[in-house]
Amino acid sequence: GEWKNRSTTSPALFNRCVVDWFGSWSTKAMAEVGREFTMRLDMGDAEAVGGAWGVGAGEQLMTRVEDAFDGVASGGLHQAVVAALVQLHAITKELSEEAGAYASSLSRTFLSPRDYLALINNFVNCVNHRREEIEDEQL
């Protein structure tokens, strides 16, 4: 009855095989997700004051994510943070693919957009935790 239907329609529930259907996201998609998930991140007055966030090698990173910041003053700290998160994920994915290509490699690490979401979540949690610590020290 029901057991047969469930086991044939969802074999991953019973054989511990998980298929990741995310695929890969474009840089623009990752930038938009990063912007949304870091929107409420308190960056102090750094956005208003301005700064040299996109100079040198950073300029290329800022350009990669600027489409996600349409209608927003570009070149700000928020854009720089999102650019750094996108770049961190891209570098990690590239290195894991290179390492997996070696003949001596016994295992392979796959990175997906789920890992990118975890990176953003961990970053936001670390920033918020550190901000709380600093505010407690100032009291």
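Predicted, not measured: the structure shown is a model, and the values here were computed from it.

1. Overview of the overall build of the protein
Helix and strand counts for the protein come out as seven helices and zero strands. Across the protein, helices and strands are ordered from the amino to the carboxyl terminus as α-α-α-α-α-α-α. Looking at the 139 residues of the protein, the share that counts as buried comes to 23%. Within the protein, contacts between residues separated by at least 24 positions form 68% of all contacts whose residues are at least 6 apart in sequence. As presented, the protein carries roughly 10,000 Å² of accessible surface, and 54% of it is formed by carbon and sulfur atoms.

2. Describing a negative patch on the surface
Among the surface-exposed residues, Glu132, Glu135, Asp136 and Glu137 lie close enough to one another that they form a single negatively charged patch. By secondary structure assignment, the location of Glu135 is in helix α7 (residues 113–138). On the basis of relative accessibility, which here comes to 40%, the residue Glu135 falls in the partly exposed class.

3. Some points on the nonpolar core
Counting 19 residues, the largest nonpolar core has Val65, Val86, Tyr116 and Ile120 as the members making the most contacts within it. Listing elements by their share of this core, those giving two or more residues are α3 (27–37), α5 (57–65), α6 (77–101) and α7. Take this core: its biggest share by element is seven residues, from α6. Look past the residues within four positions of Val65 in its chain and what remains in contact with it is Ala31, Gln79, Ala83 and Val86.

4. As for the pattern of salt bridges
Pairs may arise between side chains of opposite charge once their charged atoms sit close together. Under the counting rule described, the total for this entry stands at four salt bridges. Salt-bridge contacts for Glu36 lead to Arg35; the nearest nitrogen and oxygen are separated by 3.3 Å. When its relative accessible area of 47% is taken as the criterion, Glu36 is described as partly exposed.

5. Here we look at the confidence of the model for the protein
With 70% of its residues at a pLDDT of at least 70, the protein reaches an overall mean of 79. Across the protein, the element-wise mean pLDDT spans from 58 in helix α4 (residues 46–49) up to 92 in α7.

6. Brief notes about the packing of α3 against α6
A pair of packed helices is characterised by two quantities: the angle between their axes and the separation of those axes. Where α3 meets α6, the axes come as close as 9 Å, and the angle between the chain directions of the two elements is 130°. In terms of orientation, α3 and α6 fall into the oblique class. Taken as a pair, α3 and α6 cross one another with a handedness that is right-handed. Two secondary-structure elements touch here, α3 through Thr27, Met30, Ala31, Gly34 and Arg35 and α6 through His78, Val82, Val86 and His89.

7. Considering the environment of Phe37
With respect to the helices, strands and loops of the structure, Phe37 is situated in helix α3. A relative accessible area of 53% means that Phe37 is categorised as exposed. Sequence spacing of Phe37 and Val124 is 87 residues, and the spatial spacing of their C-alpha atoms is 8.3 Å. Those residues within four positions of Phe37 in sequence are excluded, and the remaining contacts are Leu117, Ile120 and Val124.

8. Examining α7
In this model, α7 (26 residues) spans 38 Å end to end at C-alpha, consistent with the 38 Å of a helix rising 1.5 Å per residue. Every buried residue of α7 is listed here: Pro113, Tyr116, Ile120 and Val124. Buried residues belonging to α7 abut α3 and α6.

Definitions and cut-offs
Residues numbered from 1 in each chain as written. Predicted model: local features only at pLDDT ≥ 70, side-chain atom pairs only at ≥ 80, totals over all residues. Heavy atoms only, no water. Helix = DSSP H or I, 4+ residues; strand = E, 2+ residues; numbered from the N terminus. Buried < 20%, exposed > 50% of the residue type's maximum accessible area, 1.4 Å probe, protein only. Contact = heavy atoms within 4.5 Å. Areas by Shrake-Rupley, 256 points an atom, 1.4 Å probe, with all protein chains shown as cover. Patch = residues over 30% accessible without salt bridge, like charges linked within 9 Å, V, L, I, M, F, W, Y side chains within 5 Å. Salt bridge = Lys/Arg side-chain N within 4 Å of Asp/Glu carboxyl O. Lys, Arg positive; Asp, Glu negative; His and termini not counted. Charge placed at Lys NZ, Arg CZ, Asp CG, Glu CD. Core = buried A, V, L, I, M, F, W, Y, C linked by side-chain atoms within 4.5 Å. pLDDT = per-residue confidence, 0-100. Axes fitted to C-alpha atoms, helices over the stretch in contact; angles between N-to-C directions. Parallel < 35°, antiparallel > 145°, perpendicular 65-115°, else oblique. Left-handed = near helix turned anticlockwise from the far one by under 90°. Expected span 1.5 Å × (residues − 1).

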